[in-house]
Amino acid sequence: MPHPLLVVPIVGPAASSVALKAAALASAQLDLTFRLTGDERAIHDALLDLPHDAERLAIDEDDDGDPLTAALRLVARTPDAALVCGGERTLLDAARATLTPLPGGNAPALAAIHPTLRHRGRHDDPFALILDIGASPGASGDDLVAFAHRGAAWARDIARTDLPTVALLASQVPDEHLPAALRAAHATLASTPDAPFQYLGLLAADRVLEGSADVVVCDALHGDLLVRTLHSFATCADQLLDRARARFQWRLGVSMLLGGIDRLRSLADWENYGGAPLLGYDRVIVTLPPEAGERAWANTFRLARRAHLRATTGPSPRDIEREREPDAP
Amino acid sequence: MTTDTPRLLHYRWDLDKTYLRTEFDTTKDLVRTFLQKAEEKEIVPGAPTLLRALLEPPLGTSDAGEPTRRVTFISGSPRQMRRVLTEKLRIDGIEPDQFILKPNLSNLLRFRFRAIRSQLAYKLGALLTTRIPGEVDEILFGDDAEQDALIYNLYGDLVLGRVSAPRLDWILRQAHTDRSDRRQLLDLVAGTESDPGLRVRRVFIHLARRSPTRRFDRFGQRTVPVFNWFQAALVLRGDDLLPAHALPLIVSALGQQGYTADRLVNSVHDLVRRGFVDETLVETLREELALPMPGTDVEEPGVFATTLRQRLAAPLPRTRRTLPVIDEVDYTAAMADIERYRRPRLDLAEWLGR
């Protein structure tokens, strides 16, 4: 199996680029192969000061001045390529203009990976998926159904969950008061018993962290709210621990629990499990927020490689879409 | 006065991480390395092929009379490993003219722990005592795990009388060299006349630890940090020190070791950007990749060589670095670099958090 090529646009000054530092480190230590787009001269000059493996790092001259567009074009014409990039505002428009959407709906979905209490899959994976968290505001019922299939395909390929469980995020109100798109998606999913996943129905937000659903589907607005709440919860818990250290007795207690706290921190730290996959295209794309550090980038490179390898060794997202639509060509 | 006598080419090779892929970061690594049999030793891809090609006598001559090429191995491995290491080289078709190993056991028995750790005095002493007087070009091969770039350049300057005894003394003290080793080396240098016929032509540093390449700028253009031995072969071909069929052989050897055409193209582009290779040399490489493989029945170039040749037809990178010209190596700064670039071993699994 050839190494997937990880395409990384180097946006902004190369000398201070976290993406470049992480790619350099990963080329030398993680057996990953990269193609960087951007200002070739500046990237090369920055690499002279970084430990890296030049055998595994190619640099593409960026002719039109936009590293992201150059990266997307490269990914579009290279079947073995996956894109890892910062969450540039222009990504969604540029991806729409450059890449081929998967059949079954043109709305892409941005997915967040989050830890849950229940572990799943052949690798006892604690991570579940929430989508969409911002790619397609105003998604229709059909779009939400497509998100469910894409999320399930990811869970099957990446978490190696044979029959993923899928739920729609909803508040506990009578069905007739639900938004129309949600109601339509619920009706479609509930009436498709032979889907390649188990549909659990509607799920309230307070049960997301339990992890009964491997994939939680929602619209962009609610997904964004939910993910930000989860992240802020982890940050608050961290700050509360810091405050606890201010008092001697509490400090004693915290130090006694340190091993467990570190494990919890590690689980809650999003930098440990990488960025957000953008689903809906026939290429693996994973994005990171602007504040992502080198560790988050390195983990995201690993995630993109795993996603690419598993998507190519198992059924591709396109195959899964075809399986869902037997009449598709 | 001109002479037709060719200059002797003396190749000096380090062994661990240069010729052999050896791990010695942990005690476990050291024990495993010590217990390995000859056939279990792993080579750095391309190293034996490159060395065999370098040792071939030039076309139209023979080594029936005086040899025109010699190879000396100077390794920090203990002398107790001589038998297994000699056997490994024999398996690879290499017969070193001299093979120097470190007296680690005697250092240990005499409680000379600094001498066990230190490479500077040991390697410098070995280079000086095994040099061949006269019209000699030396090509030195080392790695970035130790201080090979510093040691080889210092050696080149010492034989030309460009480093004073007090300066050498200062460098040895900075390197925490064992007192008796320091004294011995200073005596050796004091008794050595400068040798204007000897020239250190190239120093190749295999970037086993993937060190930043700018670190080696201070040693000037003759020092070439390389990510693999294919890169060194390309530079040596440019220096006219390798025969035309050597590059296809090395490419083939690397292909057999799992290298892809992309990795080799990236290696060429890296050298172009760093200013060690130009378009003409890349074109030479392309032409030579179309040659039949010597020493085989195959009349056509291999699939791997053909793929690489096709890939190299694409335009080369536009970035070309102008290599810094260094008249005199700043050894004070070079010594400071040793501390500056000493990196703690990164526990990758812990750092990544999973």
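Everything below is about the structure printed above this text.
Residues numbered from 1 in each chain as written. Chains lettered and ligands numbered in written order. Predicted model: local features only at pLDDT ≥ 70, side-chain atom pairs only at ≥ 80, totals over all residues. Heavy atoms only, no water.

Colleague: Could you give me a rundown of the overall build of chain B, with the residues and numbers involved?
Modeller: In terms of helices and strands, chain B carries 16 helices and six strands. Relative to its length of 354 residues, chain B is compact, with a C-alpha radius of gyration of 21 Å against a globular reference of 20 Å. When its C-alpha atoms are laid out on the principal axes, chain B stretches across 70 × 60 × 40 Å. When burial is assessed residue by residue, chain B has 53% of its 354 residues classed as buried. Each charge sign in chain B was given a centre, from 53 positive and 50 negative side chains, and these centres are 6 Å apart. (Helix = DSSP H or I, 4+ residues; strand = E, 2+ residues; numbered from the N terminus. Rg over C-alpha atoms; globule rule 2.2 N^0.38 Å. Buried < 20%, exposed > 50% of the residue type's maximum accessible area, 1.4 Å probe, protein only. Lys, Arg positive; Asp, Glu negative; His and termini not counted. Charge placed at Lys NZ, Arg CZ, Asp CG, Glu CD.)

Colleague: So, the nonpolar core: which residues are in play, and what are the values?
Modeller: Judged by nonpolar contacts, the single largest core of 66 residues is most densely connected at A:Val8, A:Leu20, A:Phe34, A:Leu36, A:Val217, A:Trp297 and A:Phe301. Sequence-distant contacts of A:Leu36, that is, excluding residues within four places in its chain, are made with A:Val8, A:Ile10, A:Leu20, A:Ala23, A:Ile43, A:Leu57, A:Ala58, A:Ile59 and A:Asp60. Of all hydrophobic cores here, the second largest spans 59 residues; its members include B:Trp13, B:Phe141, B:Leu234 and B:Leu254. (Core = buried A, V, L, I, M, F, W, Y, C linked by side-chain atoms within 4.5 Å. Contact = heavy atoms within 4.5 Å.)

Colleague: Could you give an account of the pattern of salt bridges, naming the residues involved and the relevant values?
Modeller: Where side chains of opposite charge bring their charged atoms close, a pairing between them can arise. With the rule as written, the count across this model stands at 37 salt bridges over all chains. Residue B:Arg214 pairs with A:Asp45 through a salt bridge whose shortest N-O separation is 3.4 Å. In this pair, B:Arg214 is assigned in the loop between β5 (198-206) and β6 (223-226) and A:Asp45 in helix α2 (residues 40-47), connecting two distinct chains. What makes B:Arg214 partly exposed here is its relative accessible area of 25%. We note a salt bridge from B:Lys88 to B:Asp92, for which the minimum N-O separation is 3.2 Å. As far as burial versus exposure is concerned, B:Lys88 and B:Asp92 are alike and both buried. (Salt bridge = Lys/Arg side-chain N within 4 Å of Asp/Glu carboxyl O.)

Colleague: Before we move on, could you go through the pairing of strand β10 (residues 276-279) of chain A and cite the residues and values that matter?
Modeller: Residues and elements named next belong to chain A. What you see with β10 is no split at all: Ala276 and Leu278 on one side and Pro277 and Leu279 on the other are buried throughout. Pairing analysis gives two bridges linking strand β5 (residues 109-120) to β10, with the strands arranged antiparallel. Looking at the pairing, Ala109 lines up with Leu279 of β10. Sheet topology places β10 next to strand β11 (residues 285-288); two bridges connect them, and they run antiparallel. Residue Pro277 lies in a different strand from β11, and its bridge partner there is Val286. (Pairing = 2+ DSSP bridges.)

Colleague: Could you give an account of the sheet that holds β5(B), naming the residues involved and the relevant values?
Modeller: What links the strands of a sheet is backbone hydrogen bonding, and the strands pair in either a parallel or an antiparallel sense. All names here are of chain B. Pairing within the open sheet is parallel, and its six strands lie in the order β3-β2-β1-β4-β5-β6. Only two strands of the sheet have a single partner each, and these edge strands are β3 (98-102) and β6. Adjacent strand axes in the sheet meet at a mean angle of 15 degrees, parallel and antiparallel pairs treated alike. Where strand β2 (residues 69-78) and β3 come together, four bridges link them in parallel fashion. When the bridges of β3 are listed, Thr72 appears paired with Gln98. Here helix α3 (residues 82-91) sits on the sheet and contacts β2 and β3; the angle it forms with β3, its principal contact strand, is near 145 degrees. Each of β1 (8-13), β4 (136-143), β5 and β6 is contacted by helix α7 (residues 148-159), which is oriented at about 175 degrees to β5, the strand it contacts most. (Axes fitted to C-alpha atoms, helices over the stretch in contact; angles between N-to-C directions.)

Colleague: So what's going on with the interface of chain B and chain A? Residues and values would help.
Modeller: Taken together, the 27 residues of chain B in the interface contact 33 residues of chain A. Between chain B and chain A lies a buried interface of about 2,800 Å² when both sides are counted; carbon and sulfur atoms form 48% of it. The interface formed by chain B and chain A includes five salt bridges. A salt bridge links B:Arg263 to A:Glu55; the nearest nitrogen and oxygen atoms lie 2.7 Å apart. Put simply, the parts of the chain that give the side of chain B that touches chain A at least two residues each are α12 (261-273) and α16 (348-352) of chain B. (Buried area = accessible area lost by both parts, 1.4 Å probe.)

Colleague: Explain the sheet that holds strand β9 (residues 215-217) of chain A to me, using residue names and the numbers behind them.
Modeller: Residue and element names in this part refer to chain A. If you trace the 11 strands from one edge of the open sheet to the other, you get β3-β2-β1-β4-β11-β10-β5-β6-β9-β7-β8, paired in mixed fashion. Each having just a single partner strand, β3 (57-61) and β8 (198-203) make up the two edges of the open sheet. Averaged over all pairs of adjacent strands, the angle between their axes in this sheet comes to 30 degrees, without regard to strand direction. Here strand β6 (residues 125-131) runs beside β9; their pairing, made up of three bridges, is parallel.

Colleague: Run through the environment of A:Leu200, naming residues and quoting values.
Modeller: All names here are of chain A. Within the fold, Leu200 resides in strand β8. The partly exposed category is assigned to Leu200, whose relative accessible area is 38%. Counting along the chain gives 22 residues from Leu200 to His222, while the straight-line C-alpha distance between them is 19 Å. If we skip the residues at most four places from it in the chain, Leu200 touches Thr165, Val166, Ala167, Ser212 and Ala213.

This is a description of form; function is not addressed.
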